[in-house]
Structures are given as C-alpha cells and as structure tokens.
Amino acid sequence: MKSVAINGYGTIGKRVADAVAAQNDMKVIGVSKTRPNFEARNAVKEKGYDLYIGIPERENQFKEAGIEVAGTVEDMIQEADIVVDCTPGTIGPQNLEMYKKAGVKAIYQGGEDHDLTGLSFNSFANYDKSYGADYTRVVSCNTTGLTRTLYTLNPLIDIKKVRSVMVRRGSDPNGVKKGPINAIVPNPPKVPSHHGPDVATVFDGINITTMALLVPTTLMHQHNLMVEIGNDVSKDDVLDVLEKRSRVMIVKASEGLGSTAEIMEYAKELGRSRSDLYEIPVWEESINVVDNELFYMQAVHQESDVVPENIDAIRALLEMESDNEKSIAKTNKAMGIF
Ligand code: NAD
C-alpha cells in the first residue's frame, strides 16, 4: 500500500485525492490547503483526510476557523512515497526544490511546463517512459483529450497531419473572477496554440497544429479535429476503434446529446462523485472521411479527464504495475470508468 500526498486541494487535487482513496493499492496520507475555506473543512470533516498547510504563517487562520491541521506541507511529504502536485501552474519550480530535498517522487499537472520535469505523461501513449522516474507531468485536460483519441486511432490510420480548433471553456464552474462573459476570444490570438506542441510531448512524432478560442461557458472544452490520412479508412472503422477504447465514449446528438450541456446532464445521471465525466465523448454524427481527411468532434470535461491519468502515473513512477493496460483497467474498475 503506497502513501500518496496531494499538494494543492482545489479542482484537480480533491478529485485526485478521492481517486487515490478508491484504489486498493494506494492511500491518501494527506492533502494540503493554503486557505481555511469550505474545501479545507470538508477535507477534514467529511473525507477524513489529514490536512497540512501550504503557508505555515497561516496556521492561526486555520485554528480560528476551527479546522484541525496535522502540520505543514514539508511535514506531509516526509510521510509520502509520492506527491501529486495540484497547485496552480507556475508554483511547480519552487515545490520541486522542496521535493528534491525531501527525496520524494512527484507528479505535476498540465499548468506546468514540460521542461520542469523533462517528462510528460499519458496513460495510453507513453506510460513506459515515466516508469520508475522521479518526476513527471500529467499533460493538461485538452492535451489528454486530444492524445486519447488520436493515439487510439493511430494503429488504424496513417496520420499524416492533424489540425484542431479548440473551443475552450472560459473558466471552471467556480471561477467567479474569470471570463469572458459575452465574447469569443481567440486565445491565444496567434497560431499555433500551445496544445499541439504539448501533444507532441507524449505522442512521439505526431504532426499537429492547433488554434484555440475562449467562449462564455464553464462546462466543458470542445475540439474540432481534421486529420490528413495516408490510407483508406471508413467511418465505421473509426467508430469501431473508438468504441472499443476505454476512457473514450461515442455519443449521439440524435439521442439528445447534441451539446456539452446535455452531455454534462447525462454525466449527472451517472451519479458519480461531483458528476464527473472522465471519458472523452466523441460525437458519432461528426465522424466522417472526406478526400483522405478524417473529421471528428469531441468534448472534454476539464475538471476530471486527467484524474485517472494521475492514478496511472502514480503506478508508473512507483513501479507498482509495469503494464499500462493493467493499470488502466485497475483504475477504471475502481472509479467506474467506461
Ligand atoms: P485550483 O486553483 O482549483 O486549485 C489549486 C489549489 O492549490 C488551491 O486549493 C490552492 O489553495 C492551492 N495552493 C495554492 N498555492 C499553494 C501552495 N503554495 N501550496 C499548497 N497549495 C497551494 O487549480 P486547479 O484547477 O486544480 O489546477 C491545478 C493544476 O491542474 C494546474 O497546473 C492546472 O493547470 C492543472 N489542470 C487544471 C484543470 C482545470 O480545468 N481546472 C484541468 C487539467 C489540469
């Protein structure tokens, strides 16, 4: 039973903590917060996690709020076999020094640069590369979504070139200070966006260029892919391969799932924790092959698609399972993923 510490208990961190707790080969030994908010209170009172503070000078604030604290982040990582760093992007470099000093392995998230660890992770595309490594980075929600379907299609289709237009949610649902509220924002306004190069950090040799825009929605991202192919492939072949892949699901607009809003309503019906949708939904009607070009549309539940990847990354770094498919199957079973 391996001990996992979660540094940063926000959107991603609280989900990773619960996913770790759902496995039978690892346990949560602590989570960390910088502010004594409702998430800190729930972590202790509802979830029963030991809570450590990211900023030691704030200990009094936690005491005044009546939230029990087990120590500082530095104390927490002493106890851990591995840390999953879910702090906001850019805090990574300073934390890396702390992890190195403590001699503890660490997994970062997509908000950090690939250069921080020199290694990026996707369960399907490059699990082996992180096997036994000290540090890796689970790529972002968008990169995970692109990689999951493209890597699944790779054995079937001879991918010459990928183009994707990324329609990004303006904020997570709790993001009261972000936008846009009433605009479509090319973000970034230059091409390519960082998403294409980021896919290449986990999918060797792929030729992909992306462009991205932000829109006033919080539910999901949405991707529009155009893939130049060098072989003869039918829509049915593509559908068949995607249907068989776990963590990918085919949805039909004709069954009332024609939008991200309806897909998230479906996710609520599944009754999972926080109504999460770990799978990447691909619209069946969007799949088509025209003149050696494959087209498809997919969506990404940004708050949750990277969560199972973090569990597999823990098994890879700690050499708990050498076969990625076995780790994926184990994670899927524990989390009820299709
Ligand atoms: P978040 O803001 O929801 O949570 C971050 C948490 O870290 C907060 O609880 C904050 O209090 C805590 N924190 C801040 N500074 C800290 C410190 N010095 N020590 C300990 N804790 C600290 O952020 P998030 O959305 O969960 O993002 C975390 C990482 O995951 C980022 O790299 C982000 O890019 C990546 N990511 C986010 C999403 C998403 O859509 N939210 C999707 C995939 C990946």
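Residues numbered from 1 in each chain as written. Predicted model: local features only at pLDDT ≥ 70, side-chain atom pairs only at ≥ 80, totals over all residues. Heavy atoms only, no water.

Here we take up the pairing of strand E1 (residues 2–7). On a regular strand, one side chain projects to one face of the sheet and the next to the other, so that they alternate. In terms of residue burial, E1 counts as a mostly covered element, since five of its six residues are buried. In this structure, E1 lies alongside strand E2 (residues 26–33), joined through six bridges in parallel fashion. Residue Ala5 lies in a different strand from E2, and its bridge partner there is Gly30. Running through helix H1 (residues 11–21), the crossover from E1 to the neighbouring parallel element E2 is right-handed. (Buried < 20%, exposed > 50% of the residue type's maximum accessible area, 1.4 Å probe, protein only. Helix = DSSP H or I, 4+ residues; strand = E, 2+ residues; numbered from the N terminus. Pairing = 2+ DSSP bridges. Right-handed = clockwise from strand over helix to strand, strands pointing away.)

Another aspect to go through is the site of the ligand. Taken together, 21 residues sit near the ligand, with Ile12, Lys33, Thr34, Arg169 and Asp172 positioned nearest. Contacts to the ligand include Thr11, whose backbone N or O atom sits 3.0 Å from an oxygen atom. When the ligand is considered free in solution it has 830 Å² of accessible area, and contact with the protein chains removes 81% of it. Listed by contribution, the elements that provide at least two residues to the shell around the ligand are H1 and E2. Here the shell around the ligand is composed, by residue class, of six nonpolar, 12 polar and three charged. (Near = heavy atom within 4 Å. Polar contact = N/O pair within 3.5 Å; in protein donor to acceptor, adjacent residues only side chain to side chain. Areas by Shrake-Rupley, 256 points an atom, 1.4 Å probe, with all protein chains shown as cover. Nonpolar A, V, L, I, M, F, W, Y, C, P; charged D, E, K, R; others polar.)

We now examine the pattern of salt bridges. Applying the stated criterion to the full structure yields 23 salt bridges. Close ionic contact of Glu325 with Arg245 constitutes a salt bridge, the shortest N to O distance being 3.2 Å. Placement of the pair is Glu325 in helix H13 (residues 324–335) and Arg245 in the loop between helix H10 (235–244) and strand E13 (248–251), with a sequence separation of 80 residues. Taken together, the shared-partner salt bridges connect Asp25, Arg148, Arg247, Glu309, Asp312, Arg315 and Lys330 into one network. (Salt bridge = Lys/Arg side-chain N within 4 Å of Asp/Glu carboxyl O.)

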